[in-house]
Amino acid sequence: MATVPVPKPRSTFVETMDGVELVFPTRLRHFQFAFHTVWLAGWTLGGVMVGAQLLPRFTGPEGPDVSSAFLVVWLCAWLLGECNVILGLAWQLVGRERVVIDASRVLVRREIGILGRSKAYELESVRDLRVSSDAARSRSSSLPWSQSGTIAFDYGAKTVRFGSDIDEAEARAIVGVLRERGVGGAAAS
């Protein structure tokens, strides 16, 4: 019987001059990635075929009709689906979460390469830093704007989550180190 190797942490923890920086790479979900890649090929082909059907209606002598308007609306919805899946695939390939904690704030950034979205939270208002329970989070998200995560804290009347692709054991270790540094406020005990 083979022994299971001890897993290494997925995240990196770096001490900086101003505080700490945590980096959580996204997890490649092979089946989901393969399915969406094949789906995207068919979806793209469908959109190209509709576009090829639509183009002569706008350039021809008769001009567009009611069915052309429907196809334009359909093509706009198609484009949203196309962009959503491409973004999800890019997130799985090169996405990551960065959490920077300095003397005054907690910055949570989800990024794909150089593109990303950041949210900053006042450190003094961060309360009850904890490992989020399975019931309160979704680990199946493959989109960068999802608010899922294994680590959570309360910020006023809102719960903020991050670390969506790490296991609870790793999250407990991270929460312990952050609490030692005073992150999490009075309710963190």
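Residues numbered from 1 in each chain as written. Predicted model: local features only at pLDDT ≥ 70, side-chain atom pairs only at ≥ 80, totals over all residues. Heavy atoms only, no water.

Visitor: In this structure, what is going on with the pattern of salt bridges? I would like to understand it.
Guide: Side chains carrying opposite charge are able to pair once their charged atoms draw close together. One pass over the full model with this rule turns up 11 salt bridges. As a salt-bridge pair, aspartate 128 and arginine 130 come within 3.3 Å of each other at their nearest N and O atoms. Residues arginine 172 and glutamate 168 are paired through a salt bridge, measuring 3.8 Å at the closest nitrogen-oxygen approach. Pair noted here: arginine 172 and glutamate 168 are both in helix 3 (residues 168–180), with a separation of four residues, about one helical turn. Judged by relative accessible area, arginine 172 falls into the partly exposed class, the value being 48%. Residue glutamate 168 is classed as partly exposed on the basis of its relative accessible area of 26%. Salt bridges linked by common partners bring Glu21, Arg96, Arg98, Arg109 and Glu111 together as one network. (Salt bridge = Lys/Arg side-chain N within 4 Å of Asp/Glu carboxyl O. Helix = DSSP H or I, 4+ residues; strand = E, 2+ residues; numbered from the N terminus. Buried < 20%, exposed > 50% of the residue type's maximum accessible area, 1.4 Å probe, protein only.)

Visitor: I'm lost on the nonpolar core in this one. Help?
Guide: Core analysis: the biggest nonpolar cluster contains 21 residues, and Phe24, Val99, Ile101, Val106, Ile151, Phe153 and Leu178 have the highest contact counts within it. Looking at this core, the elements with two or more residues in it are strand 2 (20–25), strand 3 (95–101), strand 4 (105–112), strand 6 (126–131), strand 7 (151–155), strand 8 (158–162) and helix 3. Ranked by residue count, the leading element in this core is helix 3, at four residues. Setting aside chain neighbours within four positions, we find phenylalanine 153 in contact with Val106, Tyr121, Val126, Arg127, Asp128, Leu129, Arg130, Lys158, Thr159, Val160 and Phe162. (Core = buried A, V, L, I, M, F, W, Y, C linked by side-chain atoms within 4.5 Å. Contact = heavy atoms within 4.5 Å.)

Visitor: How do you make sense of empty space enclosed by the protein when you look at a structure like this?
Guide: Taking a probe equal in size to a water molecule and rolling it over the atoms shows the remaining empty space. The full count for this structure, using the stated rule, is one cavity of 30 Å³ or more. When its volume is computed, the largest cavity comes out at roughly 70 Å³. Surrounding the largest cavity, Val108, Arg109, Arg110, Arg117, Lys119, Tyr121, Gln147, Val160 and Arg161 form its lining. Of the residues in the lining of the largest cavity, the class split is three nonpolar, one polar and five charged. (1 Å grid on protein atoms, 1.4 Å probe; cavity = no way out; pocket = protein on both sides within 12 Å on 5 of 7 lines; lining within 4 Å. Points joined across faces, edges and corners; volume = space filled by probe spheres on them. Nonpolar A, V, L, I, M, F, W, Y, C, P; charged D, E, K, R; others polar.)

Visitor: Honestly, the packing of aromatic side chains in this entry has me stumped. Any pointers?
Guide: Any two aromatic rings considered together are summarised by their centre-to-centre distance and by the angle between their planes. Tallied over the full model, the rule gives seven aromatic pairs. Aromatic side chains tyrosine 121 and phenylalanine 153 sit 5.6 Å apart centroid to centroid with 80° between the ring planes, which places their arrangement in the edge-to-face category. A residue pair is termed long-range when its members are at least 10 positions apart, and tyrosine 121 in strand 5 (residues 115–122) and phenylalanine 153 in strand 7 qualify at 32 residues. Here tyrosine 121 falls in the buried class, since its relative accessible area comes to 7%. (Phe/Tyr/Trp six-rings, centres within 6.5 Å; stacked < 30°, edge-to-face > 60°.)

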